[in-house]
Amino acid sequence: MSSVRTWTLGEAEGLFALPFNDLLFQAQQVHRTHHDPGSVQLSTLLSIKTGACPEDCAYCPQSVRHQSSIENEALLPVEEVLEHARAAKAAGATRFCMGAAFRSPKRKDIERIGAMVSAVRELGMETCATLGMLTPDQAQELKSAGLDYYNHNLDTSEEFYDEIITTRTYQDRLDTLTAVRDAGLHVCCGGIVGMGESQRDRAQFLVTLANLPQQPESVPINQLVRVPGTPLAGTEDVDPFDFIRTIAVARIMLPHSQVRLSAGRSEMSDELQALAFLAGANSIFYGDKLLTTGNPDVTRDRTLLARLGLRPAADAAAN
Ligand code: SAM
Ligand code: DTB
Ligand code: SF4
């Protein structure tokens, strides 16, 4: 899916400035033009390598530089990952996302992760991995192993990025996204709302995503999970309506993408999540855990979807 048009910062800020109901109406119109409004895609996450990451992302409990209370864990064996994937499929997830706290994976990591990807794909699930920076060869290897999606977030605007991460540049992120795209993988790229960024940063971040040579197929919008021990633990609450505005503007500017209501749902009411679906979110992380923090349990999510008359998207894997 190529870029539909080029967006300017002024246009994106104009969307954010619309009266809330006008913005949601426009987002619903775009949503209904391009997507089945009754369907929500379910992705389950698993942390396959946890903690001790050398990067200094201020939001992340897995950075070696922050004092969070997570337990570090080396790269899991293939069979253990497969057990989690089977359980996720049985619970109704169609995509299995394997996350590793790497700056970038080593050769032996790619070999084992390639085996995980092939095995999960054989279950009939879509596969996604997020492993940090990749070289073009590594992206190609993962593609050959059967990887469908690679998640690599831009997180925020280029201008605000330096206040959140100093151990890599925005251009490093863009380079990996190019390697992923060139390998023929689907791109999953989104960001975080609630790190102290301005509305302008949110608008600029979405302009960057929307103006990529090809828009990402999947766009996770996370609300910051304020984990004790991380530098952002004390950040102020986001206005929930501003969070919904970000989802709506993403839906309008990225009309064909799956927009995922991602981290932060444990702190959201059912009503706020319903507004996010109205604003055009059509995917969630599904399962009791994200990577290291909690997520609503499966029963609560199934009940919520049923109360809203929303259906889990049918199995999309066999392609
Ligand atoms: N290390 C790899 C990387 O950074 O690309 C992959 C794993 S990393 C945990 C994946 C994404 O999780 C980050 O890009 C960030 O958007 C999101 N994330 C991490 N900690 C978060 C938090 N506390 N709240 C919300 N999102 C978070
Ligand atoms: C994404 O955008 N959000 C997910 C996934 N991609 C890898 C991760 C959220 C992590 C939240 C904090 C944690 O559980 O460690
Ligand atoms: Fe490491 Fe990824 Fe966490 Fe940054 S977000 S500290 S790169 S695991």
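Reading guide: rules and limits
Residues numbered from 1 in each chain as written. Chains lettered and ligands numbered in written order. Predicted model: local features only at pLDDT ≥ 70, side-chain atom pairs only at ≥ 80, totals over all residues. Heavy atoms only, no water. Helix = DSSP H or I, 4+ residues; strand = E, 2+ residues; numbered from the N terminus. Polar contact = N/O pair within 3.5 Å; in protein donor to acceptor, adjacent residues only side chain to side chain. Contact = heavy atoms within 4.5 Å. Core = buried A, V, L, I, M, F, W, Y, C linked by side-chain atoms within 4.5 Å. Buried < 20%, exposed > 50% of the residue type's maximum accessible area, 1.4 Å probe, protein only. Near = heavy atom within 4 Å. 1 Å grid on protein atoms, 1.4 Å probe; cavity = no way out; pocket = protein on both sides within 12 Å on 5 of 7 lines; lining within 4 Å. Sits in = over half its atoms within 2 Å of the grid points. Nonpolar A, V, L, I, M, F, W, Y, C, P; charged D, E, K, R; others polar.

Asker: Can you help me understand the side chain of Glu197 in this one?
Answerer: Mapped onto the elements, Glu197 comes out in the loop between strand S6 (191-193) and helix H8 (199-210). Within the local environment of Glu197, its side chain forms a polar contact with the backbone nitrogen of Met195, the two atoms lying 2.7 Å apart. Among the polar contacts listed, one links the side chain of Glu197 to the side chain of Arg202, at a separation of 2.8 Å. Discounting residues that sit within four places of it in the chain, Glu197 has contacts with Thr156, Phe160, Ile192 and Arg202.

Asker: For this particular structure, what's the right way to read the nonpolar core?
Answerer: General note: in soluble globular proteins, nonpolar side chains tend to be found buried as a group. If you look at the biggest cluster of nonpolar residues, it comprises 93 residues, and the most contacted ones within it are Ile48, Tyr59 and Leu131. Top element by residues in this core is helix H9 (residues 240-253). It accounts for 8 residues. In this structure Leu131 touches Ile48, Met98, Ala100, Phe102, Arg103, Ser104, Pro105, Ile110, Ile113, Leu142 and Tyr150, once residues within four positions along its chain are discounted. Among the nonpolar cores identified, the runner-up in size contains 7 residues, and Leu45, Cys97, Ala263 and Leu290 belong to it.

Asker: Would you explain the site of ligand 1 in this entry?
Answerer: Neighbouring ligand 1 are 16 residues, the closest being Tyr59, Asn153, Asp155, Arg173 and Val225. Counting atoms within 2 Å of the grid points, the majority share of ligand 1 lands in the largest cavity. Each residue belonging to the shell around ligand 1 can be placed in one class, and the counts come to 9 nonpolar, 5 polar and 2 charged.

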